[in-house]
Amino acid sequence: MNGKLIAVGDNVVDCYLDDGVYYPGGNAVNVAVNCKRDGLTDVAYIGMFGDDEKAAHIKWALNMEGITYDRSRTMYAPSGSPGVKLVDGDRQFVPGLRNTAQHVARIRLMPEDLDYIGQYDVCHTSCFSSIEYELPAMAKVCQVSFDFSENTDEAYLQRVCPHLTYAFFSGADKTPEELDKLIDTCHALGVKVVGITMGSRGALFSEDGKRYTQGIVKVEAIDTMGAGDSFIAGFLTRRVLGDAMEDALRYAAQVAANTCMIHGSFGYPHQL
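The following refers to the structure shown. Just so you know, these numbers come straight off a predicted model, no measurement behind them.

## Here's the deal with the sheet that holds strand 9 (residues 143-147)
The mixed open sheet is built from nine strands, whose spatial order is 5-4-1-8-9-10-11-12-13. The sheet terminates laterally at strand 5 (73-74) and strand 13 (210-214), the two strands that pair on one side only. Here strand 9 pairs with strand 10 (residues 166-170) via three bridges, running parallel. In the strand pairing of strand 10, Phe146 is matched with Ala167. Seen against the sheet, helix 2 (residues 53-65) touches strand 4 (42-49) and strand 5 and runs at an angle of roughly 175° to strand 4. Contacts from helix 7 (residues 176-188) reach strand 10, strand 11 (193-197), strand 12 (203-207) and strand 13, with the element oriented near 155° to strand 11.

Following this line, the structure appears as structure tokens:
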């Protein structure tokens, strides 16, 4: 069975300040690359690129992975470049400049873009992509997957959730009661599948109100960058290909663990 996914949104380079290198990244790019690696035959990306060497490196990496980005835009601005320091294998971000293509421009989807997105099984985006105002139109042509990261603001949920099939959150600091409330809120707003990754506690997912849990796959982690995005990509890939929830979650946990054993979200270092 073939599967098709398109990611719309952010691209950045994660600058490892201790090592003097940067890696291509960004939630949308990470999910796209990992879905292709996980077995989807047709994966595309739409984003706002800068016009510098870092943007060229991101495009080169996408070319290497066989991901099309023909409908992306280019802006005369630097690429988003958050800094990263590793502390005991875990990443700590250092804010970058705020005059980048990711900060000062938003993608406006044209009818032709929506026709293109409609050719895919799922469109993935996130709270980092400044795409909220396009969600109603996107949801009319494609199932929408959205990564909220740690954003659980009630007003934001009410704005975004009615247009989603899949909602993902990072909830390592939440109590079981808070997790249940978040899941119930999202379902009440129309989301079919709600997934919450909880760090060392694994993941809690719900489909139409039925709960599923998934433990972590223990590895000797050297870098957790992109592990959450890998989990999302693994889950979406297996669901698009027809797997049941339990099988999709087991696969997602394994590929997320694999990501913790490489530097960067999916490799391709470049000297700073």
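## Quick look at unusual backbone geometry
For Ser149, which is not a glycine, the phi torsion comes out positive at approximately 55°. Considering the arrangement of structural elements, one finds Ser149 in the loop between strand 9 and helix 6 (154-160). A positive phi is found at Tyr268, a non-glycine position, where the angle reads about 65°. Within the fold, Tyr268 resides in the loop between helix 9 (245-259) and strand 14 (270-271). Judged by its relative accessible area of 18%, Tyr268 is buried.

## A short note on a negative patch on the surface
Where like charges cluster on the molecular surface, the negative patch consists of Glu150, Asp173, Glu177 and Glu178. Take Glu178: its relative accessible area is 38%, and that puts it in the partly exposed class.

Basis of the calculations
Position numbers for residues count from 1 along each chain, tracking the sequence in the order it is written. Local features are withheld for residues below a pLDDT of 70 in this predicted model, meaning they are given only at 70 or higher, and side-chain atom pairs are given and counted only at 80 or more; totals for whole chains, interfaces and linings count all residues. For side-chain calculations, the full set of non-hydrogen atoms in the structure is used, while hydrogens and water are omitted. Pairs of strands are assigned from DSSP output, requiring at least two bridges between the strands. Only runs of H or I of at least four residues qualify as helices and only runs of E of at least two qualify as strands under DSSP, and these elements are numbered from the N terminus. Contacts were defined at the residue level, with two residues in contact if any of their heavy atoms lie within 4.5 Å. Interaxial angles span 0 to 180 degrees and are taken between N-to-C directions of axes, which are lines fitted to C-alpha atoms, for helices over the stretch in contact. Using a 1.4 Å probe on the protein chains alone, a residue whose accessible area is under 20% of its type maximum counts as buried, one over 50% counts as exposed, and one in between counts as partly exposed. Residues enter patches when their relative accessible area tops 30% and they take part in no salt bridge; the joining distance is 9 Å for like charges and 5 Å for the nonpolar side chains Val, Leu, Ile, Met, Phe, Trp and Tyr. Computed with the Shrake-Rupley method and a 1.4 Å probe, the accessible areas treat only the protein chains shown as cover for residues. Counted as salt bridges are all cases of a side-chain nitrogen of Lys or Arg within 4 Å of a carboxyl oxygen of Asp or Glu. When charges are counted, neither His nor the chain ends are considered; positive counts come from Lys and Arg and negative counts from Asp and Glu. Lys charges are placed at NZ, Arg charges at CZ, Asp charges at CG and Glu charges at CD.

Honestly, that's just the spatial picture; any functional story needs more than this.
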